[in-house]
Amino acid sequence: MTGTRIAALGHYQPAKVLTNHDLAELVDTDDAWITSRVGIRTRHVAGPDEPVDELAAHAAGKALATAGLVPDDIDMVLVATSTAIDRSPNMAARVAARLGMTGPATLDLNVVCAGFTHALATADHAVRAGGARRVLVIGADKMTDVADWTDRTSCVLVGDGAGAAIVEAVDEDEAGAAPGIGPVLWGSVPEMGHAVRIEGTPPRFAQEGQSVYRWATQQLPALARKACERSGVTPEELAGVVLHQANLRIIEPLAAKIGAVNAVVARDVVDSGNTSAASIPLALAKLVERGELPSGAPVLLFGFGGNLSYAGQVIRVP
C-alpha cells in the first residue's frame, strides 16, 4: 500500500504592500474600521504584469528547491484558483510551462477559498491510487483583479499570493512515522452558494459577510473536530491550526471552539488579507519557515468559503 506525505512547502507574495491607510485614500474607510471588523492591517498587491501563474510558479519553485527536486521530478500539477482570466491553457499548464516541465498531468480546481485543501486531498488520492508519485499542489489567487474598489466592505479584505506543497508517495509502513496527509473531510452547503461570489463581466468579488460569519462560527467547529477524528488526532494534540485566512474575528474564536488549546494558530490574515486559495499554504509555509511548527507535528488545515464549500485534513509538518 502507498501512503503520502508533504515533502516541502513554498510561498510567494508580490512586493507591493497596500496598508489600511493607503485604502483610506481610495474608499471611505480607516485603519480602525478595518482592524476592528476583520483584523487586517496590510495586504500584498500584484501588478498588471504579474499574472496568477507567475505568482504560482514562484511559490512552486521555492517548494522544489526546498525539497531538492527539479521540475521533471513532478508528474502532476494541481492549481487551486478562482481568478484565472483565460479558460485555456489552464493555470496548471501555464505553471508547468513556466517551470520547464516535460509532460505532467495538469489540472485546475476552482473551489475558491477551500481550493487548496480540496487540491491537497485530490493529490493524496491520486498518489494512493497509483496515478502519480509526486504532485505539485498550488493555491494561487490574484484577488485584487476581481475586487470592487468602490465597495469598502469587500475591497479591504483582499490580497494576492501563492503557496505550494509537494506531495509524494511513501511506503505504507513508513507513513506512520513520516510527515503524512490524513483523510479529508469535505462537503458543501449548496443553498448558501450566494454567500460568496465572483460573478459578472468583468467578474467582481462580493460576499454576505454576516452569513459566512454565522455559518463558520456555528457549524465549522464540529466539522473541524470530525476531520481530526478521521486522522486519529484529538484537537488537544494539534501543534497547529491553519484555517482559511478570511477574518481574524472568525479565526481566533474558531480555534478555541475546536479545542486546539496547545496549537499555534495561523494569523497571516493580519499581514496578507484574504488571498482565497493561497491563504492556507501561504500561512502554513510561513509558520514552517519561521520554525514555529516542528517537523512531524500534526496540523489541522481547514478551508471554507465560496460555493459554500469546505475541506479539511490533518497533515504532518515536513
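Position numbers for residues start from 1 in each chain and track the written sequence from start to end. It should be noted that, the model being predicted, local features are given only for residues of pLDDT at least 70 and side-chain atom pairs only at 80 or more, the latter also being counted only at that level, while totals for whole chains, interfaces and linings use all residues. As a convention, hydrogens and water are excluded, and side-chain values are obtained from all of the structure's heavy atoms.

1. A word on the pairing of strand 4 (residues 76–80)
Each residue is placed in one exposure class: buried if its accessible area under a 1.4 Å probe, protein chains only, is under 20% of its type's maximum, exposed if it is over 50%, and partly exposed if it falls in between. The helix count covers DSSP runs of H or I at least four residues long, the strand count covers runs of E at least two residues long, and both are numbered beginning at the N terminus. Burial of strand 4 is extensive: 5 of the 5 residues sit out of reach of the surface. Here strand 4 shows a buried face lined by Met76, Leu78 and Ala80 and a second buried face lined by Val77 and Val79. For two strands to be treated as a pair, DSSP must find at least two bridges joining them. Of the pairings in the sheet, the one linking strand 4 to strand 5 (residues 105–109) comprises 5 bridges and is parallel in character. In the strand pairing of strand 5, Leu78 is matched with Leu107. The handedness of the strand 4 to strand 5 crossover, carried by helix 4 (residues 91–99), is right-handed. As paired elements, strand 4 and strand 6 (residues 134–142) share 5 bridges and run parallel to each other. Bridge pairing links Val79 to Ile138 in strand 6. Note on handedness: a crossover is taken as right-handed if, strands pointing away from the viewer, the path from the first strand over the helix to the second is clockwise.

2. A look at the packing of aromatic side chains
A pair of Phe, Tyr and Trp rings is counted when the ring centres sit within 6.5 Å of each other, with Trp represented by its six-membered ring. The angle between the planes then sorts it: under 30 degrees is stacked, over 60 is edge-to-face, the rest tilted. Applying the stated criterion to the full structure yields 3 aromatic pairs. Geometrically, the ring pair formed by Trp215 and Phe304 is tilted, given 6.4 Å between the ring centres and 45° between the ring planes. Of this pair, Trp215 sits in helix 8 (residues 209–230) while Phe304 is found in strand 13 (residues 298–304), placing the two residues 89 residues apart along the sequence. The class for Trp215 is buried, based on a relative accessible area of 8%. Feature note: the residues Trp215, Phe302, Phe304 and Tyr310 constitute an aromatic cluster, connected by ring pairs. Here the guanidinium or amino end of Arg152 rests over the ring plane of Trp33, the centre of that ring lying 4.2 Å away. Placement of a charge over a ring requires the Lys NZ or Arg CZ to be within 6 Å of the ring centre, with the centre-to-atom vector within 35 degrees of the ring normal.

3. Observations regarding the packing of helix 8 against helix 9 (residues 248–258)
The angle between two axes is taken between their N-to-C directions and runs from 0 to 180 degrees, where each axis is a line fitted to C-alpha atoms and a helix contributes only its stretch in contact. At a closest axis distance of 9 Å, the pairing of helix 8 and helix 9 adopts a crossing angle of 35°. Between helix 8 and helix 9 lies a crossing of right-handed hand. Residues Tyr213, Ala216, Thr217, Leu220, Pro221, Ala224 and Arg225 of helix 8 pack against Arg249, Ile250, Leu254, Lys257 and Ile258 of helix 9. Of the residues in the contact of helix 8 with helix 9, the class split is 8 nonpolar, 1 polar and 3 charged. The hand of a helix crossing depends on one turn: near helix anticlockwise from the far one by less than a right angle means left-handed, and clockwise means right-handed. It only takes one pair of heavy atoms within 4.5 Å for two residues to be counted as in contact. Throughout this entry, Asp, Glu, Lys and Arg are counted as charged residues, while Ala, Val, Leu, Ile, Met, Phe, Trp, Tyr, Cys and Pro are counted as nonpolar. The remaining residues, Gly among them, count as polar.

4. Considerations on the packing of helix 3 (residues 52–67) against helix 4
Each pair of packed helices can be described by the angle between their axes along with the distance between the axes. At a minimum axis distance of 9 Å, the contact between helix 3 and helix 4 shows a crossing angle of 55°. The angle between helix 3 and helix 4 places the two elements in the oblique class. Considering how the two elements wind past one another, helix 3 and helix 4 form a crossing that is right-handed. Contact residues: Val52, Asp53, Glu54, Ala56, Ala57, Ala60, Gly61 and Leu64 in helix 3; Met91, Arg94, Val95, Arg98 and Leu99 in helix 4. Here the contact of helix 3 with helix 4 is composed, by residue class, of 8 nonpolar, 1 polar and 4 charged. Every angle not falling under 35 degrees, over 145, or within 65 to 115 is termed oblique; those three ranges are roughly parallel, roughly antiparallel and roughly perpendicular.

5. Here we look at the sheet that holds strand 13
What the 5 strands build is an open sheet, ordered 8-14-13-11-12; its pairing is mixed. In this open sheet, the two strands that pair with only one neighbour each are strand 8 (185–188) and strand 12 (264–265). Here strand 8 runs beside strand 14 (residues 309–316); their pairing, made up of 4 bridges, is antiparallel. Each residue of the ladder has a partner; that of Ser188, found in strand 14, is Ser309. Here helix 5 (residues 115–128) sits on the sheet in contact with strand 8, strand 13 and strand 14, set at roughly 60° to strand 14.

6. Focus: helix 11 (residues 279–289)
In terms of burial, helix 11 is largely enclosed, as 9 of its 11 residues are buried. Among all positions of helix 11, only Ser279, Ile280, Pro281, Leu282, Ala283, Leu284, Ala285, Lys286 and Leu287 are buried. Positive phi shows up at Gly291, right after helix 11, with a value of about 75°.

7. What about the environment of Glu208?
Among the secondary structure elements, Glu208 is positioned in the loop between strand 10 (204–207) and helix 8. Accessibility expressed as a relative area gives 30% for Glu208, which makes it partly exposed. Once the C-alpha coordinates of Glu208 and Ala195 are considered, the two residues, 13 residues apart in sequence, prove to be 4.9 Å apart. In this structure Glu208 touches His194, Ala195 and Arg197, once residues within four positions along its chain are discounted.

8. A word on the sheet that holds strand 5
An order of 1-7-6-4-5 is seen for the 5 strands of this open sheet, with the pairing classed as mixed. Two strands close off the open sheet at either side, each with one partner strand: strand 1 (2–12) and strand 5. In this sheet, adjacent strand axes meet at a mean angle of 20° when their direction is disregarded. Against the sheet, helix 3 makes contact with strand 1, strand 6 and strand 7 (160–171), and its axis sits at roughly 120° relative to strand 1, the strand it touches most. In this fold helix 11 packs onto strand 1, strand 6 and strand 7, with an angle of close to 90° to the strand it touches most, strand 1.

9. Examining the environment of Leu284
Within the secondary structure, Leu284 sits in helix 11. Accessibility expressed as a relative area gives 1% for Leu284, which makes it buried. Spatially, the C-alpha atom of Leu284 lies 6.5 Å from that of Val242, the residues being 42 residues apart in sequence. Residues contacting Leu284, with those up to four places away along its chain left out, are Leu9, Val242, Leu293, Val299, Leu301 and Ile315.

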